[in-house]
Amino acid sequence: MEQVIIFDTTLRDGEQSPGATMHTHEKLQIAKQLARLGVDVIEAGFPASSPGDLEAVQRIARETEGPVICGLARCVRGDVEAAWKAIQDAARGRIHVFIATSDVHMQHKLRMSREQVLETTRAMVALARSLCEDVEFSPEDAGRSDPEFLYEVLGAAIAEGATTLNIPDTVGYTLPWEFGALIQGIRENTPGIEQAIISVHCHNDLGLAVANSLAGVTAGARQVECTINGLGERAGNAALEEVVMALYTRRDALGLETGINAREITPASRMVSSYTGLLVQANKAIVGANAFAHEAGIHQDGILKHRQTYEIMDAETVGLTASTLVLGKHSGRHAFSDRMDQMGYHLDGEQLNRAFARFKDLADKKKVVSDADLMAIVSDEIYQPQEVYHLDHLQVSCGDHSIATATVRLRGPDGQALVDSAHGTGPVDAVYKAINRIIGAPNRLTEFSVVSVTEGIDAQGQVTVRIEAEAGADSGLAVNPQTGERRWVFTGHGASTDIIVASGRAYMAALNKMLASRGQPGSETAADRQPAEAAGPGA
Ligand code: KIV
Ligand code: ZN
């Protein structure tokens, strides 16, 4: 069977989802998981967008083995050079250049004529090719571009040395048969197309990203760009897990395969969800909590008689394993570590120690520690941003006739203990106000949710928060280089059997992400109060 190249852009397009901002440490962990998953190419970021992004791509290029590491660049000399700087140490690197080709983008965004776009494409693909052998070119908004012009631009990119031609449906506008016809037309009319690989990059605005990607490969594309959990701009990109499992499950009809190790799909999905703070909807295909759950009596009856009555995929294929061993307070390190392995968590020694300590603590409070509890522990203890401040201690007093009051102790960047108290409308409000008094980073809480990890009165609560902050002297943030906007969104999550503690942890996680986003050139700190400087628009 012919192979489809899986190009993962979770760390670039995926990171453009509001609130999905990740820092180098988190990106590196995800890149390593993507390598275990067996993706062929990792688009690690947009190096020209910020020094932080450049550094993250550079570290991924140096420290991730296996996949090709790719950096995105506009058709701008500085971008192409930054992308090269970021990926040049990779065992195999790729520069991905793009420029818009639809009339609406050329006229209103770029303010460039067709000739100028064509000329810029030639010059920047040639520059990229002079630096790197592997060059991908994307005509942005190809889905709404004039096909004749598209053939001309793509032909020029091939002539200058582009090795992959990526066709983005940037705004998720096309229908599957239209997108398939577009790819077919490109194959039939682009000069030199047989020398290049055709790739597809579909957005999900009409919920058609995966269908369009499959229409693209059916028409001859051999690379699919996708993201874990379908993250990405607006409604997201084609979900990697859906594309891969559709190709696998319907290989009878599609006749194509990928090099993906599907058992790593569930661990990858959990890791990305935890690091980005973006929860996966329960009914999401392949990785949603209900994707393999059968509720209706008729279905359960059918499944018990013969699994294939209602199941087209085996949950174990995507790394979902059912526990055969009950973990509780008498379980030792060995049993715990075995279960972590079975669940697809690849923890190093120090991480395992921390997770095991949390497990023991929970097992003292709960009779049975389920897989869902273990997932919450890993998410809360391991998949967290690097800490600038650590929540050391928290205590509250509240009730229907008392004023909710909280005292918190944080460990600061130099390890110093910082204590403060505040009162609020309730205990969570009081805790957040006390934390704010210490850290002094103005923000607005825009979302707060608490869900129970398991059933029962002793269950852990998992809290997710979303905060927003404006660039400026008070917040210490520059204009968001990913979006070109002044507004930043950060998410955080925390878990505990005490939901006030979980709330405190979730807030600290979001604040730590915000603090880590300070200090980029052009950003401001309350201390220096320099004017902000825009870092340029994102892709
Ligand atoms: O959606 C898009 O057009 C993109 C390009 C940069 C490939 O993300
Ligand atoms: Zn995109």
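Refer to the structure above for everything that follows.
Figured I'd write up the structure that's included with this text.

Scoring rules and cut-offs
Residues numbered from 1 in each chain as written. Chains lettered and ligands numbered in written order. Predicted model: local features only at pLDDT ≥ 70, side-chain atom pairs only at ≥ 80, totals over all residues. Heavy atoms only, no water. Helix = DSSP H or I, 4+ residues; strand = E, 2+ residues; numbered from the N terminus. Rg over C-alpha atoms; globule rule 2.2 N^0.38 Å. Buried < 20%, exposed > 50% of the residue type's maximum accessible area, 1.4 Å probe, protein only. Contact = heavy atoms within 4.5 Å. Pairing = 2+ DSSP bridges. Right-handed = clockwise from strand over helix to strand, strands pointing away. Donors = N, O, S within 2.8 Å, 3.2 Å for Na, K, Ca; no water. Axes fitted to C-alpha atoms, helices over the stretch in contact; angles between N-to-C directions. Parallel < 35°, antiparallel > 145°, perpendicular 65-115°, else oblique. Left-handed = near helix turned anticlockwise from the far one by under 90°. Near = heavy atom within 4 Å. Polar contact = N/O pair within 3.5 Å; in protein donor to acceptor, adjacent residues only side chain to side chain. Areas by Shrake-Rupley, 256 points an atom, 1.4 Å probe, with all protein chains shown as cover. Nonpolar A, V, L, I, M, F, W, Y, C, P; charged D, E, K, R; others polar.

## Things to note about the overall build of the protein chain
Okay, step 1: Looking only at helices and strands, the protein chain has 17 helices and 16 strands in total.
Okay, step 2: Relative to a compact globule of 539 residues, whose C-alpha radius of gyration would be 24 Å, the protein chain shows 24 Å and is just as compact.
Okay, step 3: Projected onto the principal axes, the alpha-carbon positions of the protein chain cover approximately 75 × 70 × 40 Å.
Okay, step 4: Residues classed as buried in the protein chain amount to 55% of the 539 residues present.
Okay, step 5: Taking the intrachain contacts of the protein chain between residues at least 6 apart in sequence as the baseline, contacts between residues at least 24 apart amount to 68%.

## Some details on the pairing of strand 7 (residues 164-169)
Every regular strand shows the same layout, with side chains that alternate between the two sheet faces.
Okay, step 1: By the criterion of burial, strand 7 is predominantly enclosed, with 6 of the 6 residues buried.
Okay, step 2: Side-chain alternation along strand 7 places Thr164, Asn166 and Pro168 on one buried face and Leu165, Ile167 and Asp169 on a second face that is also buried.
Okay, step 3: As defined by bridge partners, strand 6 (residues 135-140) adjoins strand 7 across 2 bridges and the pair is classed as parallel. Considered in strand 7, the bridge of Glu136 is made with Thr164.
Okay, step 4: The β-α-β motif built from strand 6, the intervening helix 6 (residues 147-159) and the parallel element strand 7 has right-handed crossover chirality.
Okay, step 5: Bridge count for strand 7 against strand 8 (residues 197-202) is 6 bridges, and the pairing is parallel. The residue of strand 8 that forms the bridge with Pro168 is His201.
Okay, step 6: One crossover worth recording links strand 7 to the parallel strand 8 by way of helix 7 (residues 176-189), and it is right-handed.

## Notes on the pairing of strand 15 (residues 461-470)
Okay, step 1: Among the 10 residues that make up strand 15, 8 are buried, leaving the element largely enclosed by the rest of the structure.
Okay, step 2: As defined by bridge partners, strand 14 (residues 444-452) adjoins strand 15 across 8 bridges and the pair is classed as antiparallel. The residue of strand 15 that forms the bridge with Phe448 is Val465.
Okay, step 3: Direction of pairing for strand 15 relative to strand 16 (residues 487-496): antiparallel, over a ladder of 10 bridges. Each bridged residue has a counterpart across the sheet, and for Arg466 the counterpart in strand 16 is Thr491.

## Structural notes on the coordination of the zinc ion (ligand 2)
Metal coordination angles in their ideal form are 109.5 degrees for the four-donor tetrahedron and 90 or 180 degrees for the six-donor octahedron.
Okay, step 1: Of the protein atoms, only Asp13 (OD), His201 (NE2) and His203 (NE2) coordinate the zinc ion (ligand 2), at distances of 2.0 to 2.1 Å.
Okay, step 2: The sequence pattern describing where the donors of the zinc ion (ligand 2) fall on their chain is D-x187-H-x1-H. Separated by 190 residues along the polypeptide, Asp13 in the loop between strand 2 (5-8) and helix 1 (24-37) and His203 in the loop between strand 8 and helix 8 (209-218) bring together distant segments of the chain. His203 carries the same exposure label as Asp13, and that label is buried.

## Focus on the packing of helix 8 against helix 9 (residues 240-249)
Okay, step 1: Interhelical geometry of helix 8 versus helix 9 gives an angle of 50° and a closest axis separation of 10 Å. Judged by the inter-axis angle, helix 8 sits oblique to helix 9. Note that helix 8 runs across helix 9; the crossing there is right-handed. Packed against helix 8, whose contacting residues are Val210, Leu214 and Val217, the element helix 9 presents Glu242, Val243, Ala246 and Leu247 at the interface.

## Considering the site of ligand 1
Okay, step 1: In the neighbourhood of ligand 1, the contacting residues comprise Arg12, Asp13, His96, Phe98, Ser138, Glu140, Asn166, Pro168, Thr170, His201 and His203.
Okay, step 2: Within the side chain of Thr170, an N or O atom sits 2.6 Å from an oxygen atom of ligand 1.
Okay, step 3: Contacts to ligand 1 include His201, whose side-chain N or O atom sits 3.1 Å from an oxygen atom.
Okay, step 4: Calculation on ligand 1 without its partners gives an accessible area of 260 Å², and the protein chains cover 97% of this total.
Okay, step 5: Mapped by element, the contributors of at least two residues to the shell around ligand 1 are strand 5 (93-100), strand 6 and strand 7.
Okay, step 6: Classifying every residue of the shell around ligand 1 by side-chain character gives 2 nonpolar, 6 polar and 3 charged.

## Some words on the sheet that holds strand 11 (residues 390-397)
Okay, step 1: Strand order in the open sheet formed by 3 strands is 11-12-13, and the pairing between neighbours is antiparallel. Two strands close off the open sheet at either side, each with one partner strand: strand 11 and strand 13 (417-424). Averaged over all pairs of adjacent strands, the angle between their axes in this sheet comes to 15°, without regard to strand direction.
Okay, step 2: Against the sheet, helix 16 (residues 427-439) contacts strand 11, strand 12 (404-411) and strand 13, and its axis sits at roughly 140° relative to strand 13.
Okay, step 3: Sheet contacts for helix 17 (residues 499-516): strand 11 and strand 12; angle to strand 11, the most-contacted strand, approximately 140°.

Nothing here speaks to function; it is geometry throughout.
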